[in-house]
Amino acid sequence: MKNYLSAVGIVTGVLILFVTLIQLNLGLPLIWTIFLVGPFLILWMVWAVLAAPVEVRETFEEQWYQDLKDMRRQQD
């Protein structure tokens, strides 16, 4: 698995665990630990995504919306 995908998956899992622990009112020390470590996890995830070796083939002017390839033809 690529580094940026695993970073997103790990941070998402920690977020789901954090919200679940808060809702169930369990593990107060673990909740505080996740709360304090959370910003560093977010920074790690952002760095992993921005540093990922992903090649973008389209420019913004060529394709500005990924879901609709024919958007420019519909506007004209």
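Just above sits the structure.
What this report covers is the structure whose coordinates are included nearby. Values in this document were obtained by computation on a predicted structure and should not be read as measured data.

1. As for the packing of aromatic side chains
Then step 1. Evaluated as defined, the whole model comprises one aromatic pair.
Then step 2. Note on Trp32 and Phe35: the rings are 5.5 Å apart at their centroids and 85° apart in plane angle, and the pair reads as edge-to-face. Of this pair, Trp32 and Phe35 both sit in helix 2 (residues 28-50), three residues apart, roughly one helical turn.
Then step 3. You can call Phe35 partly exposed: its relative accessible area is 48%.

2. Points about unusual backbone geometry
Then step 1. The phi angle at Asn25 is positive, at roughly 55°, despite the residue not being glycine.
Then step 2. Within the fold, Asn25 resides in the loop between helix 1 (3-24) and helix 2.
Then step 3. For Asn25, a relative accessible area of 66% gives the class exposed.

3. What to know about helix 2
Then step 1. Look at helix 2: 33 Å from first C-alpha to last across 23 residues, which is about the 33 Å you get at 1.5 Å a residue.
Then step 2. Ile31, Ile34, Gly38, Met45 and Ala48 are the residues of helix 2 that are buried.
Then step 3. Here the buried face of helix 2 lies against helix 1.

Conventions we followed
- Residues numbered from 1 in each chain as written.
- Predicted model: local features only at pLDDT ≥ 70, side-chain atom pairs only at ≥ 80, totals over all residues.
- Heavy atoms only, no water.
- Phe/Tyr/Trp six-rings, centres within 6.5 Å; stacked < 30°, edge-to-face > 60°.
- Helix = DSSP H or I, 4+ residues; strand = E, 2+ residues; numbered from the N terminus.
- Buried < 20%, exposed > 50% of the residue type's maximum accessible area, 1.4 Å probe, protein only.
- Expected span 1.5 Å × (residues − 1).
- Contact = heavy atoms within 4.5 Å.

Coordinates in, geometry out; function isn't part of it.
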